[in-house]
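# Per-entry structural report
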Amino acid sequence: LHGALLAAHAGYRRLFHRDSRPGTPIGRVAGWAVTLIIVTLVWIPFRASNLHEPVVILEKLFAFVQSPTAFTTTVYAWPFYLWIGASFVLLETLDCVTRLELGFARMPAVAQCAVATLLLLLSYLGPAKDVAFLYFQF
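Conventions used here
- Residues numbered from 1 in each chain as written.
- Predicted model: local features only at pLDDT ≥ 70, side-chain atom pairs only at ≥ 80, totals over all residues.
- Heavy atoms only, no water.
- Helix = DSSP H or I, 4+ residues; strand = E, 2+ residues; numbered from the N terminus.
- Buried < 20%, exposed > 50% of the residue type's maximum accessible area, 1.4 Å probe, protein only.
- Patch = residues over 30% accessible without salt bridge, like charges linked within 9 Å, V, L, I, M, F, W, Y side chains within 5 Å.
- Areas by Shrake-Rupley, 256 points an atom, 1.4 Å probe, with all protein chains shown as cover.
- Salt bridge = Lys/Arg side-chain N within 4 Å of Asp/Glu carboxyl O.
- pLDDT = per-residue confidence, 0-100.
- Axes fitted to C-alpha atoms, helices over the stretch in contact; angles between N-to-C directions.
- Parallel < 35°, antiparallel > 145°, perpendicular 65-115°, else oblique.
- Left-handed = near helix turned anticlockwise from the far one by under 90°.
- Contact = heavy atoms within 4.5 Å.

Here the focus is the overall build of the protein. Helix and strand counts for the protein stand at six helices and zero strands. Sorting the 138 residues of the protein into buried and exposed places 5% on the buried side.

Here it is, written out as C-alpha cells:
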C-alpha cells in the first residue's frame, strides 16, 4: 500500500507537473492533513484480526456523517477525536509559522522539563486501553 501511494503521488506530480512540496502554508497544511488521513486509514487493515473487521471499523468511523447525534460525548466519541485532529492541525500550522522545536530548544531546562512532564501526564492520564504490540499478530 505504501508503494502504491508513492506511485500515485509520483504519477500526480508527473501528470500535473507539480513540485513535491506545495508552496503556500495552506497547501502544506492540506498536504499534511491528506497524508495523515490516508496513512491512518491504510493502517486499519493491518491492525485488524480478520478481513471483516476493517469494514466494521470503517463503517463505525464514518457513521457520524449520517447521524452525529447517535454518539455519546464520552472520551471515545467522535467529538474527542475531532478535538485531537484539530489540535494536530493547529500545532502543525503553528510549527510551520513559528518553528516550535526551536522555541522549545531555547527554553530553560526547567521549563523543558515542565513541558515534558505535562505531556507525559496527559498521555498517562488519557483513555486507558490495553493495546497489544501490532506485530505480535504476524
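Turning next to a nonpolar patch on the surface. A surface patch of nonpolar side chains, about 450 Å² in accessible area, is lined by F104, V115, L118, L119 and L122. Residue position: L119 is located in helix α6 (residues 109-124). Given the relative accessible area of 53%, L119 is considered exposed.

Glancing now at the confidence of the model for the protein. Confidence in the prediction for the protein averages 77 pLDDT; 74% of positions are at 70 or higher. Within the protein, α6 carries the highest mean pLDDT (88), whereas helix α4 (residues 78-98) carries the lowest (80).

Our next topic: the packing of helix α2 (residues 25-47) against helix α3 (residues 53-61). Between α2 and α3, whose axes approach to 8 Å, the crossing angle comes to 140 degrees. Here α2 lies oblique to α3, going by the angle between them. Between α2 and α3 lies a crossing of right-handed hand. Here L41, I44, P45 and R47 of α2 lie close against α3, whose contacting residues are E53, P54, I57, L58 and L61.

We now examine the environment of V39. Here V39 lies in helix α2. Owing to a relative accessible area of 31%, V39 belongs among the partly exposed residues under this scheme. Considering only alpha carbons, one finds V39 and H2, 37 residues apart in sequence, at a separation of 8.4 Å.

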